[in-house]
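Listed here are the chains, written in short residue letters.
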Amino acid sequence: QVQLVESGGGLVQPGGSLKLSCAASTSIFSANLMRWYRQAPGKVRELVAEITTAGNTNYGDSVKGRFTVSRDNEKNTVYLQMNSLKIEDTAVYYCYARYSGSYVWGQGTQVIVSS
């Protein structure tokens, strides 16, 4: 059973930066898709960013130009670099991995953007 552990969340002021990490308990090389989602209080979970095995990326409209997703297959880790953070980026951020025939979620890491 693959496990994903997110880290790097915290409190940051508007305009600041954070880098989230998602460490997998096994190789992510075979994960054909890895994603970051977020869920704010009272809102539905939304897709933030995704990256394929080939390194192709896609972003939610609200974070384009500010967030960057990357993966390090040797470290079995996916990253989310978040710049120019806004108050509305406050949410719990979840990592998701899709393997052939299965998928797994992390437990989430809290990001709070506040002055």
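Data block above holds the structure.
Residues numbered from 1 in each chain as written. Predicted model: local features only at pLDDT ≥ 70, side-chain atom pairs only at ≥ 80, totals over all residues. Heavy atoms only, no water.

Novice: Pulling in residues and values, what's your account of the overall build of the chain?
Specialist: When helices and strands are tallied, the chain shows zero helices and 11 strands. Moving toward the C terminus, one meets the helices and strands of the chain in the order β-β-β-β-β-β-β-β-β-β-β. Expressed as lengths along the three principal axes of its C-alpha atoms, the size of the chain is roughly 40 × 25 × 25 Å. Counting across all 115 residues of the chain, residues that qualify as buried make up 44%. Restricting the contact set of the chain to residue pairs at least 6 apart, pairs at least 24 apart contribute 53%. Total accessible area on the chain stands at roughly 6,000 Å², and carbon and sulfur atoms take up 48% of it. Taking the 11 positively charged and 8 negatively charged side chains of the chain as two groups, their mean positions are separated by 2 Å. (Helix = DSSP H or I, 4+ residues; strand = E, 2+ residues; numbered from the N terminus. Buried < 20%, exposed > 50% of the residue type's maximum accessible area, 1.4 Å probe, protein only. Contact = heavy atoms within 4.5 Å. Areas by Shrake-Rupley, 256 points an atom, 1.4 Å probe, with all protein chains shown as cover. Lys, Arg positive; Asp, Glu negative; His and termini not counted. Charge placed at Lys NZ, Arg CZ, Asp CG, Glu CD.)

Novice: Run through the side chain of glutamate 6, naming residues and quoting values.
Specialist: Tracing the backbone through its elements, the reader meets glutamate 6 in strand E1 (residues 4-7). An unpaired buried charge is present at glutamate 6: no salt bridge exists, and arginine 45, the closest side chain of opposite charge, is 7.7 Å distant. Within polar-contact distance, the side chain of glutamate 6 engages the backbone nitrogen of glycine 108 at 2.9 Å. Residues within four places of glutamate 6 in sequence aside, it is in contact with Ser21, Cys22, Trp36, Tyr93, Tyr94, Cys95, Gly106, Gln107, Gly108 and Thr109. (Salt bridge = Lys/Arg side-chain N within 4 Å of Asp/Glu carboxyl O. Polar contact = N/O pair within 3.5 Å; in protein donor to acceptor, adjacent residues only side chain to side chain.)

Novice: Tell me about the pattern of salt bridges, and name the residues and values.
Specialist: Scanning the entire structure with this criterion turns up five salt bridges. Among the salt bridges present, the one from arginine 66 reaches aspartate 89, with a minimum N-O distance of 2.7 Å. Here arginine 66 is found in the loop between strand E6 (57-59) and strand E7 (67-72), whereas its partner aspartate 89 is found in the loop between strand E8 (77-82) and strand E9 (91-99), with 23 residues between them in sequence. Given a relative accessible area of 1%, aspartate 89 falls into the buried group.

Novice: Got a sec to walk through the nonpolar core? Specific residues and values, please.
Specialist: Ranked by internal contacts, the top residues of the largest apolar core, which has 31 residues, are Leu4, Met34, Trp36, Leu80, Met82 and Tyr93. Once residues lying within four places of it in the same chain are set aside, the contact partners of leucine 4 are Cys22, Ala23, Ala24, Met34, Cys95, Tyr96, Ala97, Val104, Trp105, Gly106 and Gln107. (Core = buried A, V, L, I, M, F, W, Y, C linked by side-chain atoms within 4.5 Å.)

Novice: Can you lay out the side chain of arginine 66 for me, pointing to particular residues and giving the numbers?
Specialist: By relative accessible area, which is 10% here, arginine 66 ends up buried. A polar side-chain atom of arginine 66 sits 2.9 Å from the main-chain carbonyl oxygen of serine 84. Those residues in contact with arginine 66, other than ones at most four positions away along the chain, are Gln81, Met82, Asn83, Ser84, Leu85, Lys86 and Asp89.

Read these as spatial facts, not as claims about activity.
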